[in-house]
Amino acid sequence: MRRIAVVFLLILFFGCDSSVKLTDLQLNQEKASYVNLNNEKVDFTSFKGKKIILNYWATWCSPCIEEMPSLLKAQEILKDHGYIFLLASDEDIVKISIFKNSKKYNFTFLKSFGATEKLGIYMMPITFIFNEEGKKIETITGATIWDSEEMIKKLKEL
């Protein structure tokens, strides 16, 4: 009986230790799910090894739209530096598609599902930057001049 108790205690202490650690990016995807504009599920693990700029925006958000031209320029400047730019909105896919087609922005637009509060989003635009391992390394709130020398330098050094 004593052996059984010892084995049980060992299993309890060591068996419950999960060596699988979720990355910040995986945790983000547990709090919200995403589809592309073709309504296909987007799995962020497919971007493994890339740095991700995940920008939350809305069609009604003037500062969000004002920062897009500089975000587009930054995407072009950083294309050879391992960055993926994703723009997520909780609006209808149709509304996002109409916006994309009218503005001709070459971004990967996503529809997000899930409470923005769970993601720590209380204002827009807000951008989360993840490193190649999926760890959140930066949060930028408010509109930003993405193609400024300082920002490009900062993003290249991350």
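Everything in this summary refers to the structure shown in the same document. The residue count restarts for each chain, going from 1 along the sequence in the order it is written. Note on the predicted model: pLDDT of at least 70 is required for a residue's local features to be given, and 80 or more for side-chain atom pairs to be given and counted; whole-chain, interface and lining totals, by contrast, use all residues. Processing note: side-chain calculations cover all non-hydrogen atoms of the structure and skip hydrogens and water entirely.

A short note on the overall build of the protein chain
Logical step 1: Helix and strand content of the protein chain: five helices and six strands.
Logical step 2: Secondary structure elements follow DSSP: runs of H or I of four or more residues count as helices, runs of E of two or more count as strands, with numbering from the N terminus. Beginning at the N terminus, the succession of helices and strands in the protein chain can be written as α-α-β-β-α-β-α-β-β-β-α.
Logical step 3: Each of the 158 residues in the protein chain was classed as buried or not, and the buried ones make up 42%.
Logical step 4: The criterion used for residue contact is that any of the two residues' heavy atoms lie within 4.5 Å. Once local pairs closer than 6 in sequence are excluded, the contacts in the protein chain between residues at least 24 apart make up 63%. Classification of residues uses two cut-offs on accessible area relative to the type maximum, computed with a 1.4 Å probe and protein chains only: under 20% is buried, over 50% is exposed, and between them is partly exposed.

Overview of the pattern of salt bridges
Logical step 1: Any carboxyl oxygen of Asp or Glu that lies within 4 Å of a side-chain nitrogen of Lys or Arg is treated as forming a salt bridge with it. Overall, the coordinates contain three salt bridges when judged by the stated rule.
Logical step 2: Glu 91 is paired through a salt bridge with Lys 95; the nearest N and O atoms lie 3.7 Å apart.
Logical step 3: Classification of Lys 95 as partly exposed rests on a relative accessible area of 43%.
Logical step 4: Notably, a salt bridge pairs Lys 154 with Glu 138, separated by 3.1 Å at the nearest N-O pair. Within this pair, whereas Lys 154 is found in helix H5 (residues 149–157), its partner Glu 138 is found in strand E6 (residues 136–141), the two being separated by 16 residues in sequence.
Logical step 5: For Glu 138, a relative accessible area of 21% corresponds to the partly exposed category.

A closer look at the sheet that holds strand E1 (residues 33–35)
Logical step 1: Note on pairing: DSSP must find at least two bridges between two strands before they are called paired. Across the sheet, which stays open at both edges, the six strands sit in the order E1-E4-E3-E2-E5-E6 with mixed pairing between neighbours. At either end of the open sheet lies a strand with only one pairing partner, and these are E1 and E6. Direction aside, neighbouring strands of the sheet carry axes that sit 25° apart on average.
Logical step 2: The strands that helix H3 (residues 62–77) touches are strand E2 (51–56), strand E3 (83–89) and strand E4 (108–113); relative to E3, the one it contacts most, it runs at about 160°.
Logical step 3: Between N-to-C directions, angles span 0 to 180 degrees; the directions come from axes that are lines fitted to C-alpha atoms, helices contributing only their stretch in contact. Relative to E2, H5 is tilted by about 130°, and along the sheet it contacts E2, E3, strand E5 (126–130) and E6.

A closer look at the pairing of E3
Logical step 1: With seven of seven residues buried, E3 is to be regarded as a mostly interior element.
Logical step 2: Of the two faces of E3, the one carrying Tyr 83, Phe 85, Leu 87 and Ser 89 and the one carrying Ile 84, Leu 86 and Ala 88 are both buried.
Logical step 3: Of the strand pairs in this sheet, E2 and E3 are connected by six bridges, and their pairing is parallel. Counterpart to Ile 52 in the pairing with E3 is Ile 84.
Logical step 4: Here, the term right-handed applies to a crossover whose path from the first strand over the helix to the second runs clockwise when the strands point away from the viewer. Regarding topology, H3 serves as the crossover connection from E2 to the parallel E3, and that connection is right-handed.
Logical step 5: Two elements, E3 and E4, share four bridges in a ladder whose sense is parallel. Bridge pairing in E4 links Leu 87 to Phe 109.
Logical step 6: The parallel pair E3 and E4, bridged by helix H4 (residues 93–103), forms a crossover whose chirality is right-handed.

A closer look at the packing of aromatic side chains
Logical step 1: In this analysis, rings of Phe, Tyr and Trp, with Trp reduced to its six-membered ring, are considered paired at centre separations within 6.5 Å, and the interplanar angle assigns stacked below 30 degrees, edge-to-face beyond 60, and tilted for intermediate values. This structure, assessed with the given rule, holds ten aromatic pairs.
Logical step 2: Seen from their ring centres, Phe 99 and Phe 109 are 6.2 Å apart, and the 80° between their planes marks the pair as edge-to-face. On the criterion of sequence distance, the pair formed by Phe 99 in helix H4 and Phe 109 in strand E4 is long-range, its members being ten residues apart.
Logical step 3: For Phe 109, a relative accessible area of 2% puts it in the buried group.

Observations regarding the side chain of Asn 131
Logical step 1: Its place among the elements puts Asn 131 in the loop between E5 and E6.
Logical step 2: Residue class for Asn 131 comes out buried when judged on its relative accessible area of 14%.
Logical step 3: Once residues within four sequence positions are removed from consideration, Asn 131 is found in contact with Lys 50, Lys 51 and Ile 137.

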